[in-house]
Amino acid sequence: MRARDLAVGFPTVTLDTPALEAARLLADQDLPGLVLVDDDGRPLSILPGTQVLRLAVPAYCQDDPALARVVDEAHADLFLRELGDRTVRECLPEQPRELPVADVKATVLELAALMARTRSPLVAVVDAGGRLAGAVTLQSLMDHALRP
């Protein structure tokens, strides 16, 4: 089994996609992350849902979880609105990490090793031209590995 056999079409975003739109896409489709692509469809990064969440959750709640406990549910829902006019560009970590991208010929073990090494729940699969051919999620990889 190769990456091309496990890869599925996956939603993409660009650097200028509104962060709120990315958050809705993650929530509506129950995705672990999104593939960030350039104008030519080449992967630039994987945007885990936690990176979008980082912008929505106030820093004081991230620093001290006890403070998060005092915010009631009605007000907690308002935090996503704080994304406002922010873009996906602002969700990216300051220090770029290894890009979890695999060739269509990568094996299941290569995909698993890449996910483990990059701590990414998602691997972008690219064709010979470097364009996005699809993505493999941790869930689909585990489903395949645990299938009898």
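Look above for the structure.
Since the structure is predicted, the reported quantities are computational estimates derived from the model, not experimental observations.

Undergrad: Can you help me understand the overall build of the protein in this one?
TA: Looking only at helices and strands, one finds eight helices and six strands in the protein. Ordered by position from N to C terminus, the α and β elements of the protein give α-β-α-β-β-α-α-α-α-β-α-β-β-α. The buried share among the 148 residues of the protein stands at 36%. Counting contacts in the protein only where the partners sit at least 6 residues apart, residues at least 24 apart contribute 55% of the total. Only carbon and sulfur atoms are counted for the fraction: they give 53% of the accessible area of the protein, which is about 9,000 Å².

Undergrad: Help me out: how do you make sense of the environment of Met 1 in this one?
TA: Mapping Met 1 onto the fold places it in the segment before α1 (3–6). Along the sequence, Met 1 and Asp 40 sit 39 residues apart, while their C-alpha atoms lie 28 Å from each other.

Undergrad: What should I look at first to understand helix α2 (residues 19–28) in this one?
TA: Think of an α-helix as 3.6 residues a turn; residues three or four steps apart then line up on the same face. Among the residues making up α2, those that are buried are Ala 19, Ala 22, Ala 23 and Leu 26. Viewed along the axis of α2, the buried residues span an arc of 100°, placing them on a single side of the element. For α2, the exposed residues set more than 90 degrees away from the buried face come down to Arg 24 and Asp 28. Downstream of α2 by one or two residues, Asp 30 has phi in the positive range, about 50°.

Undergrad: Got a minute to help me understand the sheet that holds strand β6 (residues 132–137) in this structure?
TA: Adjacent strands of a sheet pair through backbone hydrogen bonds, lying either parallel or antiparallel. Pairing within the open sheet is mixed, and its three strands lie in the order β4-β5-β6. This sheet does not close on itself; its edge strands, each paired only once, are β4 (101–103) and β6. Along the sheet, successive strands turn relative to each other by an average axial angle of 35°, direction set aside. For strand β5 (residues 122–126) and β6, the ladder comprises five bridges, and the chain directions are antiparallel. Note that in β6 the partner of Ala 124 across the bridge is Ala 135.

Undergrad: Just to check I follow, could you spell out the sheet that holds strand β2 (residues 33–37) for this structure?
TA: The strand order across the open sheet formed by three strands is β1-β2-β3, and the pairing between neighbours is mixed. Of all the strands in the sheet, just β1 (12–13) and β3 (43–48) have a single pairing partner and so form its edges. Pairing analysis gives five bridges linking β2 to β3, with the strands arranged antiparallel. For Val 37, the partnering residue across the bridge sits in β3 and is Pro 43. Contacts between α2 and the sheet are confined to β1 and β2, with β2 contributing the most and set at about 135° to the helix.

Cut-offs and rules
Residues numbered from 1 in each chain as written. Predicted model: local features only at pLDDT ≥ 70, side-chain atom pairs only at ≥ 80, totals over all residues. Heavy atoms only, no water. Helix = DSSP H or I, 4+ residues; strand = E, 2+ residues; numbered from the N terminus. Buried < 20%, exposed > 50% of the residue type's maximum accessible area, 1.4 Å probe, protein only. Contact = heavy atoms within 4.5 Å. Areas by Shrake-Rupley, 256 points an atom, 1.4 Å probe, with all protein chains shown as cover. Arc of directions from axis to C-beta. Pairing = 2+ DSSP bridges. Axes fitted to C-alpha atoms, helices over the stretch in contact; angles between N-to-C directions.

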